[in-house]
Amino acid sequence: MVDRRLPKIKDLAPLMQFKAPELNARKRRLDAALTIHDLRAIAKKRTPKAAFDYTEGAAEAEISLTRARQAFEDIEFQPAILRDVSTVSTGWEVLGGPVAQPFGIAPTGFTRMMQTEGEIAGAHAAAKAGIPFSLSTMGTTAIEDVKKANPNGRNWFQLYMWKDRDRSMALVERAAAAGFDTLLVTVDVPVAGARLRDKRNGFSIPPQLTVGTVLNALPRPEWWINFLTTEPLAFASLDRWSGTVGELLDTMFDPTVTFEDLAWIKVQWPGKLVVKGVQNLADAKKLADLGVDGIILSNHGGRQLDRAPIPFHLLPSVAREVGNDLEVHLDTGIMSGADIVASVALGARFTLIGRAYLYGLMAGGEAGVDRAIQILSDQVARTMRLLGVNSLEELEPGHVTQLTRLGRIDPLAAQAVEALPGHL
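Computed from a predicted structure; not experimentally measured. (Residues numbered from 1 in each chain as written. Predicted model: local features only at pLDDT ≥ 70, side-chain atom pairs only at ≥ 80, totals over all residues. Heavy atoms only, no water.)

Colleague: Just give me the short version of the UniProt feature "binding site: glyoxylate" (unreviewed entry) in the protein, but keep the residues and values in it.
Modeller: In the numbering adopted here, UniProt assigns the feature "binding site: glyoxylate" (unreviewed entry) to Tyr-54, Tyr-160, Arg-195, His-300 and Arg-303. Within the secondary structure, Tyr-54 sits in helix H4 (residues 49–56). The exposure class assigned to Tyr-54 is buried, which follows from its relative accessible area of 9%. Tracing the backbone through its elements, the reader meets His-300 in the loop between strand S11 (294–297) and helix H16 (311–322). A distance of 3.4 Å separates polar atoms of two side chains, one belonging to His-300 and the other to Tyr-160. (UniProt positions renumbered as here; feature names shortened; annotations may be inferred. Helix = DSSP H or I, 4+ residues; strand = E, 2+ residues; numbered from the N terminus. Buried < 20%, exposed > 50% of the residue type's maximum accessible area, 1.4 Å probe, protein only. Polar contact = N/O pair within 3.5 Å; in protein donor to acceptor, adjacent residues only side chain to side chain.)

Dropping the structure here:
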């Protein structure tokens, strides 16, 4: 039998201490976001469909992106217990300079289309966090303005080789003159991927007002007010464009670029050279022989060739074979700090976040990017502590087991099956 009594005032007092309400709506919604998925949900509510889908979408059936994210979910950590993890160091040296976290902001195109603060917000946030910021050839802020926003931090420039080579190299010269320390040459874009969401949405630069876009804008007035009352959308590397994104990319990308062209670029660039878009071990070995400083295992966030290799699955073999010759970096599919820790454990020196950064930007401008970085940073440190490690150097392949849903079929075995009587 439970004895009951009337509660006393002194017992109730501690329970009646109400938290002061947060009056800043942006801070309130960002504080409530505990994961990158939470930021994505906020971003979707606040961003017009065409702009959100440009960030969210991938090529064709979007299988590559789905598989990349699934690969991170299909890992099993192997923690050690009874370790002193009262202090954890999440930084080390990447490409000859310090980073406070094992991740940086990836190059993204049309960024001010997502949210008007654009690359400046990302560069400011990166500077505060002590991580690199990457500016895309298709970015919407000038090279020199990004340098002003991040004057003392790590700035990287991502290069698409255009059919107009002189114009491409003029950008490289501007980046070098502005003090950018690393050039990311993207090599998986001989043509633009088939991004069907953009075609269905009629996504164009600049966005065109239609009945559909007007109706979609009604519950998102802040985005349109910002878009219409700030500087017109312009690019870091070209003046203006009127047409769809796919049309723009197909007029620019050069399908004739080869390893010889890459060697020529390497001679022109005074800083570190990283090749982005590597998708097999053979090419990684060729690049190691060429003497580049790093490679990024990437399938362009699933935005080029659908059903492309999964970068996280490639990581162990590539790191084992060429990791002593160059730095191995990784992107595509990263949505948590645990994904980043798993990548480092399997041999990545560094990772890049694209969509995770843009979800934060769309959710709350620079404050949203700060929140995305903070979420990932907290997750990195917590995952390391739970694994029983104090530093990135202590992470090793034994900390991660990759569970695979997709197994490769041996070509010889497949041929044998096809030769069986009755096989269709």
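Colleague: Lay out the packing of helix H15 (residues 281–290) against H16 with the relevant residues and their values.
Modeller: Close contact between H15 and H16 brings their axes to 10 Å; oriented N to C, the two are set at 30°. On the basis of the axis angle, H15 is roughly parallel to H16. With respect to the hand of their crossing, H15 and H16 are arranged in right-handed fashion. Here H15 contributes Leu-281, Ala-284, Lys-285 and Ala-288 to the contact with H16, which in turn contributes Ser-317, Val-318, Glu-321 and Val-322. Tallied by class, the residues present in the contact of H15 with H16 amount to 5 nonpolar, 1 polar and 2 charged. (Axes fitted to C-alpha atoms, helices over the stretch in contact; angles between N-to-C directions. Parallel < 35°, antiparallel > 145°, perpendicular 65-115°, else oblique. Left-handed = near helix turned anticlockwise from the far one by under 90°. Contact = heavy atoms within 4.5 Å. Nonpolar A, V, L, I, M, F, W, Y, C, P; charged D, E, K, R; others polar.)

Colleague: Outline the pattern of salt bridges, supporting the account with residue identities and numerical values.
Modeller: Within the structure shown, the criterion is met by 16 salt bridges. We note a salt bridge from Arg-174 to Glu-144, for which the minimum N-O separation is 2.8 Å. In this pair, Arg-174 is assigned in helix H9 (residues 165–177) and Glu-144 in helix H8 (residues 143–149), connecting sequence segments 30 residues apart. Asp-181 serves as the salt-bridge partner of Arg-154, at 3.2 Å between the closest nitrogen and oxygen. With a gap of 27 residues between them, Arg-154 in the loop between H8 and strand S6 (155–159) and Asp-181 in the loop between H9 and strand S7 (182–186) connect regions that are remote in the sequence. (Salt bridge = Lys/Arg side-chain N within 4 Å of Asp/Glu carboxyl O.)

Colleague: So what's going on with the packing of H4 against helix H18 (residues 355–387)? Residues and values would help.
Modeller: The description of two packed helices rests on the angle between their axes and on the distance between the axes. Where H4 contacts H18, the axes come no closer than 10 Å and their chain directions differ by 155°. The angle between H4 and H18 falls in the class roughly antiparallel. Along its contact with H4, which presents Phe-52, Thr-55 and Glu-56, the element H18 presents Arg-355, Leu-358, Tyr-359 and Met-362. The class makeup of the residues in the contact of H4 with H18 is 4 nonpolar, 1 polar and 2 charged.

Colleague: So what's going on with the packing of aromatic side chains? Residues and values would help.
Modeller: Counted by the stated rule, this structure contains 6 aromatic pairs. Their ring planes at 85° and their centres at 6.5 Å tell us that Phe-133 and Tyr-357 sit as a pair that is edge-to-face. Residue Phe-133 is found in strand S5 (residues 133–135), and its partner Tyr-357 is found in helix H18; the two are separated by 224 residues along the sequence. As far as burial versus exposure is concerned, Phe-133 and Tyr-357 are alike and both buried. With a centroid separation of 6.5 Å and an interplanar angle of 80°, the aromatic rings of Phe-157 and Phe-180 are classed as edge-to-face. In this pair, Phe-157 sits in strand S6 while Phe-180 sits in the loop between H9 and S7, placing the two residues 23 residues apart along the sequence. Residue Phe-157 shares its accessibility class with Phe-180, and that shared class is buried. Above the face of the Tyr-54 ring, Arg-303 is positioned so that its terminal group lies 4.6 Å from the ring centre. (Phe/Tyr/Trp six-rings, centres within 6.5 Å; stacked < 30°, edge-to-face > 60°. Lys NZ or Arg CZ within 6 Å of the ring centre and 35° of its normal.)

Colleague: Explain the pairing of strand S13 (residues 350–353) residue by residue, including any values.
Modeller: Here S13 shows no split at all, with Phe-350 and Leu-352 on one side and Thr-351 and Ile-353 on the other all buried. Looking at chain direction, strand S4 (residues 103–105) and S13 are connected through 3 bridges and run parallel. Pairing of Phe-103 across the sheet is with Thr-351, part of S13. In this structure, strand S12 (residues 327–330) lies alongside S13, joined through 2 bridges in parallel fashion. Following the sheet pairing, Leu-330 is matched in S13 by Thr-351. (Pairing = 2+ DSSP bridges.)

Colleague: Hey, could you go over H18 for me, with residue numbers and the actual values?
Modeller: With 33 residues, H18 extends just 26 Å between its outermost C-alpha atoms, more than 12% less than the 48 Å of an ideal straight helix rising 1.5 Å per residue. Approximately 140° is the largest bend angle found in H18, and it occurs at Gly-364. Within H18, 26 of the 33 residues are buried, leaving the element largely enclosed by the surrounding structure. Gly-388 occupies a position one or two residues after H18 and carries a positive phi of about 90°. (Expected span 1.5 Å × (residues − 1). Bend = angle between axes of the 7 residues up to and from the residue.)

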